[in-house]
Amino acid sequence: MIYRKAKFVDIEAIYKLVNHYAEEGLMLARSRNALYESLRDMIVAVDENAEVIGVGGLHVTWENMGEIRSLAVDTAHSKKGIGREIVRELIAEGKELGINQVFTLTYQDKFFEKCGFRVISKNELPHKIWKECIDCPKFPDCNEIAMLYNE
Ligand SMILES: CC(C)(COP(=O)(O)OP(=O)(O)OC[C@H]1O[C@@H](n2cnc3c(N)ncnc32)[C@H](O)[C@@H]1OP(=O)(O)O)[C@@H](O)C(=O)NCCC(=O)NCCS
């Protein structure tokens, strides 16, 4: 398995992976436009056939703070540690920039706990992050769990 920065050639595979789960209501749908704009945020997991089987992004949101977004692992490869490795690499990449607080809004609290995150109140997050929520079909009745990793 190779973990590397996403490239243009990965966009269609990322689009399919993320929107497959979005259709099931597990994560936010992403347009191709949104994926192009966040291309530099993303890391992909690529298997021995050069297929993208996992993705995740770290989006800079505020001073020393980043958000894990669009984390998805192909169901055929789940529970093999791929999701955790993507999160680990995103945290390490963020650390290089000085990011020491990484949060996520998720339904996968058990998975993120295993990655070292803890549940926090949404009120602890900067107001700025709700900008994106306004465009979500679930707004304002969202029951995603806010979780934070800090060192
Ligand atoms: C959540 C997701 C990214 C996890 O990826 P994964 O590669 O299967 O997870 P890993 O194998 O790295 O799991 C790491 C640990 O978390 C556990 N875990 C993973 N998913 C879990 C779940 N849904 N419930 C409970 N534990 C879970 C694993 O068993 C493993 O535990 P262990 O250390 O005791 O072995 C993947 O299931 C997925 O893409 N889900 C759909 C999209 C989604 O909800 N994304 C999150 C949006 S924020």
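Structural notes, computed from the coordinates. Sequence order as written defines the numbering, with residues in each chain counted from 1. Predicted model: local features are reported for residues with pLDDT of at least 70 only, side-chain atom pairs are reported and counted for 80 or more only, and whole-chain, interface and lining totals are derived from all residues. Side-chain descriptors were evaluated using all non-hydrogen atoms of the structure, hydrogens and water having been removed beforehand.

## Observations concerning the side chain of Thr106
Counting from the N terminus, the helices are the DSSP runs of H or I reaching at least four residues and the strands are the DSSP runs of E reaching at least two. For Thr106, the position within the fold is in strand β5 (residues 101–106). Identification of polar contacts relies on pairs of N or O atoms within 3.5 Å, with a donor-acceptor requirement for protein atoms, meaning one able to donate a hydrogen and the other able to accept it, and with residues adjacent in sequence counted only if both atoms are side-chain atoms. A polar side-chain atom of Thr106 sits 2.8 Å from the main-chain amide nitrogen of Gln108.

## Considering the packing of aromatic side chains
We call Phe, Tyr and Trp rings a pair once their centres come within 6.5 Å, taking the six-membered ring for Trp, and we label the pair stacked below 30 degrees between planes, edge-to-face above 60, and tilted otherwise. For the structure shown, the criterion picks out four aromatic pairs. When the centroid spacing of 5.1 Å and the interplanar angle of 70 degrees are considered together, the rings of Phe112 and Phe117 count as edge-to-face. A single burial state applies to Phe112 and to Phe117, both of which are buried. Ring plane angle 45 degrees and centroid distance 5.6 Å describe the contact between Phe117 and Tyr149, whose orientation is recorded as tilted. You can see Phe117 sitting in the loop between α4 (109–114) and β6 (118–119) and its partner Tyr149 sitting in strand β7 (residues 145–150), a full 32 residues away along the chain. Each member of the pair, Phe117 together with Tyr149, is buried. Of the aromatic side chains, those joined through ring pairs into one cluster are Phe111, Phe112, Phe117 and Tyr149. One cation-aromatic arrangement involves Arg32 over Tyr15; the distance from NZ or CZ to the ring centre is 3.9 Å. Residue burial is assigned from relative accessible area. The probe radius is 1.4 Å, only protein chains are included, and a residue is buried under 20% of its type maximum, exposed over 50%, and partly exposed in between. Should the NZ of a Lys or the CZ of an Arg lie within 6 Å of a ring centre and within 35 degrees of the ring normal, that charge is described as sitting over the ring.

## Section: the sheet that holds β6
DSSP-based pairing: two strands are paired if at least 2 bridges between them are found. The sheet built from seven strands is open, its strands ordered β1-β2-β3-β4-β5-β7-β6 with mixed pairing. Only two strands of the sheet have a single neighbouring strand rather than two, namely β1 (2–5) and β6. Pairing analysis gives five bridges linking strand β2 (residues 42–46) to strand β3 (residues 52–62), with the strands arranged antiparallel. Among the inter-strand pairings, Ile43 is bridged to a residue of β3, identified as Gly56. We call two residues contacting when some pair of their heavy atoms lies within 4.5 Å. Note on geometry: axes are lines fitted to C-alpha atoms, helical ones only across the stretch in contact, with angles between N-to-C directions running from 0 to 180 degrees. Each of β2, β3 and β4 (65–73) touches helix α1 (residues 11–23); the most contacted strand, β3, lies at about 80 degrees to it. Sheet strands touched by helix α3 (residues 82–97): β1, β2, β3, β4, β5 and β7. Its angle to β3, the strand with the most contacts, is close to 35 degrees.

## Points about the pattern of salt bridges
Note on definitions: salt bridges are taken to be side-chain nitrogens of Lys or Arg within 4 Å of carboxyl oxygens of Asp or Glu. Per the stated rule, a full pass over the model turns up seven salt bridges. Between Arg69 and Glu67 there is a salt bridge, and its shortest N-O distance comes to 3.1 Å. Take Glu67: its relative accessible area is 11%, and that puts it in the buried class. The closest approach of N and O atoms between Asp109 and Lys110, which form a salt bridge, is 3.8 Å.

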